[in-house]
Amino acid sequence: MKEQTEMKQADINIHGTENITGAEAILKSLMEEGVDTIFGYPGGAIMPVYDKLMDYSHKLNHILTRHEQGAAHAAQAYAMVTGKPGVCFATSGPGATNLITGIANAYLDSVPVVFVTAQVVSSLIGTDAFQETDILGVSMPVTKWNCQVKKAEDIPATIARAFYIAKNGRPGPVLIDITKDAQFDKLNYKYKKCEYLRSYNPNIPLHKKAVESAAIMINHAEKPLILAGHGIQISGAEKELKAFAEKTGIPVAVTLLGISCFPADHRLYAGLLGMHGNYGPNVLTNQADLIIAIGMRFDDRVTGNLKKYAKQARIIHIDIDEAEFNKNVPVDLEIHNDARDVLEYLIPLTENKSYESWIREFRICDKIEYDKVIKPETNPEEGPILMGEVINTVSELTKGDAVIVTDVGQNQMAAARYYKFIHPGSFITSGGMGTMGFGLPATIGAKFGRPDKQVIGFTGDGGFQMTIQELGTILHHKLPVKLIVLNNGYLGMVRQWQDMFFKKRYASTELVNPDFVTIISGYGIPARRVIERADLKDSIAEMLGAEGPFILEIAIAKEGNVLPMIEPGASVSDITLNYKSPQ
């Protein structure tokens, strides 16, 4: 014991730095940044890191997924529910390239994830060595920043820089590629957090005059409308948004990734914007005289036909990313600042108002949508089970107090429409990338991030099979997640488009599915199949009451469509409420 102590002390030089390997430096640097959870998959080039990870298992919880893509999605969901950067490991070559979809997903949704990949030894780079891939070149278009490290001594500063870039300004994924020899080599380790980069300074002083101009515009508006996006949650401005809306009396509509930034039961909640959003906020966008867009980028799924979008309105755009201004929609006033900073300064400048007649127009639209779409979808009198009634039942039984994770497709749109989100950060989905297969691994990541919350995932039978191997991760870690597989025997959203726009020619969208319950049971996870409406509520209650993991497969209408819908090329005010499939 005495000899071991003397050897350890010998590794610390007179400057207070510790002589350790690059692999250990990676782990110690991550801990300096507050990391306690890592998602990943080992391989040859990253083996030194995984070997050293065994010595830190009491401080770092490594989640072994069953595919690198699953690790990437889980790390993103973890970041979204915790508000701190996710971390993901992968080896060189195919391990690194398997991350690309997950990296792109995080990039388009502005989520901070630090990806650490391994690379072949530096002397072999460029020789087409075994499992060598230029991951910097491959990932460059979908990372906020990437870097290759060939010397152990550069590891601490590079990781510090990576975390600074990932989480400051508009967040996003970064990638550090570290050669195998750099992991083996030793360095005199000392860590210093990065607090400033000359080449990247996102901390912009508040544009007070612009905010004051915005206040004047807001105080003189007659039909103002707030469009709240993901930037509200990224900046932690949910309380400020609520205070701003309540003081000014302005209704609040949300984007897909803005869901849960404003409570759905609030009197000023106008609903979901976009292609499958609510009737009122879409139609009335083209009647508002002032639009206050906060932390959103006027995505094509929100605007519909740009030539017909909000031509009558003056537009104030608040965003942390200057590149978003006038990119899609010309605006009258740009405020290039953090959303919370802007709202904190703006609230005292605005007048107390109430727009009762304007709010009444939203309620009229709500009634029209309820009668034509929502009531038939959530309270069907007969026929097969519908997506809307499943989501609505889950919402009622959880009272909106759950973290909801979705895959992509009809299940995503139904969950966005029919779950009543009350708490901030309670909706996790793939927005800009629209990645099928996101749901299952993201549910896992969300649960690791929020073990105190009921985490419920929704997926379709198509998306479920894209990452079904992650059931092994649930088994391995005995993770008490809940998952609902909405099985309609189709790639539902593609089939809907084929129904509406391709004369019902269902090309390669009908699925021949396996027995999901048998497969799930093979992973040691309780599962139940629901076919009859009479069993729906009790089965969901059984799932919610289970102490461990539980998965429901629910057979839903094979050819159900998600409505309303803004059809391609249509204006937001031309949203379709009713649609009859051609016979």
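Before reading on, note that the structure itself is shown above.
Now for a description of the structure that goes with this document.

Criteria and thresholds
- Residues numbered from 1 in each chain as written.
- Predicted model: local features only at pLDDT ≥ 70, side-chain atom pairs only at ≥ 80, totals over all residues.
- Heavy atoms only, no water.
- Phe/Tyr/Trp six-rings, centres within 6.5 Å; stacked < 30°, edge-to-face > 60°.
- Helix = DSSP H or I, 4+ residues; strand = E, 2+ residues; numbered from the N terminus.
- Buried < 20%, exposed > 50% of the residue type's maximum accessible area, 1.4 Å probe, protein only.
- Axes fitted to C-alpha atoms, helices over the stretch in contact; angles between N-to-C directions.
- Parallel < 35°, antiparallel > 145°, perpendicular 65-115°, else oblique.
- Left-handed = near helix turned anticlockwise from the far one by under 90°.
- Contact = heavy atoms within 4.5 Å.
- Nonpolar A, V, L, I, M, F, W, Y, C, P; charged D, E, K, R; others polar.
- Expected span 1.5 Å × (residues − 1).
- Polar contact = N/O pair within 3.5 Å; in protein donor to acceptor, adjacent residues only side chain to side chain.
- Pairing = 2+ DSSP bridges.
- Salt bridge = Lys/Arg side-chain N within 4 Å of Asp/Glu carboxyl O.
- Core = buried A, V, L, I, M, F, W, Y, C linked by side-chain atoms within 4.5 Å.
- Domains from an automatic or database assignment.
- Arc of directions from axis to C-beta.

**With respect to the packing of aromatic side chains**
A full pass over the atoms with the stated rule returns twelve aromatic pairs. Measuring from ring centre to ring centre gives 5.8 Å for phenylalanine 39 and tyrosine 78, while their planes differ by 65 degrees; the resulting arrangement is edge-to-face. Placement of the pair is phenylalanine 39 in strand E2 (residues 37–40) and tyrosine 78 in helix H4 (residues 68–82), with a sequence separation of 39 residues. Residue tyrosine 78 is classed as buried on the basis of its relative accessible area of 4%.

**Topic: the packing of helix H17 (residues 387–398) against helix H18 (residues 410–418)**
Working note: a packed helix pair is described by the angle between its axes plus the distance between those axes. One can describe the packing of H17 onto H18 by two numbers: an axis separation of 9 Å at closest approach and a directional angle of 45 degrees. Considered as vectors, H17 and H18 are oriented oblique to each other. In this structure, H17 meets H18 at a crossing whose hand is right-handed. Taking contact as the criterion, the partners of Met387, Gly388, Ile391, Asn392 and Ser395 in H17 are, on H18, Gln410, Asn411, Ala414, Ala415 and Tyr418. In terms of residue class, the contact of H17 with H18 is made up of five nonpolar, five polar and no charged.

**Structural notes on H17**
Relative to the 16 Å expected for twelve residues at 1.5 Å per residue, H17 spans 17 Å between its end C-alpha atoms, a close match to the ideal helical length. Along H17, ten of the twelve residues are buried, which leaves the element largely enclosed by surrounding structure. Regarding H17, the residues found buried are Met387, Gly388, Glu389, Val390, Ile391, Asn392, Thr393, Val394, Ser395 and Thr398. In this structure, the buried side of H17 is in contact with helix H16 (356–378), H18, strand E17 (455–460), strand E18 (482–487), helix H24 (536–545) and strand E20 (550–555). Positioned one or two residues after H17, lysine 399 has a phi angle of 55 degrees, which is positive.

**Comments concerning the side chain of threonine 117**
Tracing the backbone through its elements, the reader meets threonine 117 in strand E5 (residues 113–119). In this structure threonine 117 comes out as buried when scored by relative accessible area, which is 0%. A distance of 2.7 Å separates the side chain of threonine 117 from the side chain of aspartate 177, its partner in a polar contact. Excluding residues that lie within four positions of it along the chain, threonine 117 makes contacts with Ala90, Thr91, Ala96, Leu99, Ile135, Leu175, Ile176, Asp177 and Ile178.

**Focus on the environment of aspartate 341**
With respect to the helices and strands, the residue aspartate 341 is situated in helix H15 (residues 339–346). Judged by its relative accessible area of 38%, aspartate 341 is partly exposed. When the C-alpha atoms of aspartate 341 and glutamate 240 are compared, they prove to be 9.2 Å apart, with 101 residues separating the residues in sequence.

**Here's the deal with the sheet that holds strand E7 (residues 174–179)**
The pairing of strands in a sheet comes from backbone hydrogen bonds and takes either a parallel or an antiparallel form. Ordered by their spatial adjacency, six strands build an open sheet running E3-E2-E4-E5-E7-E6, and the pairing between neighbours is parallel. Either end of the sheet is taken by a strand with one partner, and the two such strands are strand E3 (61–64) and strand E6 (145–149). With strand direction ignored, the average angle separating the axes of adjacent strands in the sheet is 20 degrees. Pairing of E2 with strand E4 (residues 86–90), which is carried by two bridges, proceeds in the parallel orientation. Each bridged residue has a counterpart across the sheet, and for phenylalanine 39 the counterpart in E4 is cysteine 88.

**Section: the pattern of salt bridges**
Summed over the entire model, instances satisfying the criterion amount to 22 salt bridges. Between aspartate 499 and arginine 495 there is a salt bridge whose closest N-O contact spans 3.6 Å. Remark: arginine 495 and aspartate 499 occur in helix H22 (residues 492–501); sequence separation between them is four residues, near one turn of the helix. Take aspartate 499: its relative accessible area is 2%, and that puts it in the buried class. Overall, arginine 495 belongs to the buried group, its relative accessible area being 0%.

**What to know about the nonpolar core**
Membership of the largest hydrophobic core comes to 102 residues, with the highest contact counts inside it found for Leu241, Ile316, Phe458 and Ile554. Formed jointly, this core draws a minimum of three residues from each of two domains, domain 2 (208–361) and domain 3 (384–556). Here isoleucine 316 is in contact with Ala214, Met217, Ile218, Leu290, Ile291, Ile292, Ala293, Leu333 and Ile335, once residues within four sequence places are set aside. Of all hydrophobic cores here, the second largest spans 49 residues; its members include Phe115, Leu136, Leu479 and Ile525.

**Focus: the sheet that holds strand E9 (residues 224–228)**
With parallel pairing, six strands are arranged side by side in an open sheet as E11-E10-E9-E12-E13-E14. Strand pairing shows two members of the sheet lacking a second neighbour, strand E11 (269–272) and strand E14 (333–336), which therefore form its edges. Recorded for the sheet is a direction-independent mean angle of 15 degrees between the axes of neighbouring strands. Bridge count between E9 and strand E12 (residues 290–294): five bridges; the pairing is parallel. Among the inter-strand pairings, isoleucine 226 is bridged to a residue of E12, identified as isoleucine 292.

**Quick notes on H24**
Taken residue by residue, H24 has Leu536, Ser539, Ile540, Met543 and Leu544 as its buried positions. In a view along the axis of H24, the buried residues occupy a sector of 135 degrees, so they form one face of it. Away from the buried face of H24 by more than 90 degrees, exposed residues Lys537, Asp538 and Gly545 are located. Contacts made by the buried residues of H24 are with H17, E17, E18, strand E19 (527–530) and E20.

**Section: unusual backbone geometry**
That bond from leucine 563 to proline 564 is cis: its omega, 0 degrees, falls within 30 degrees of zero. The topology assignment puts proline 564 in the segment after E20. A positive phi angle is found at asparagine 326, which is not glycine, with a value near 60 degrees. Assignment of secondary structure puts asparagine 326 in the loop between strand E13 (314–319) and E14. Asparagine 326 sits in the partly exposed class, given a relative accessible area of 36%. A positive phi angle is found at lysine 399, which is not glycine, with a value near 55 degrees. Inspection of the secondary structure assignment puts lysine 399 in the loop between H17 and strand E15 (403–406). Residue classification places lysine 399 among the exposed positions, given a relative accessible area of 69%.

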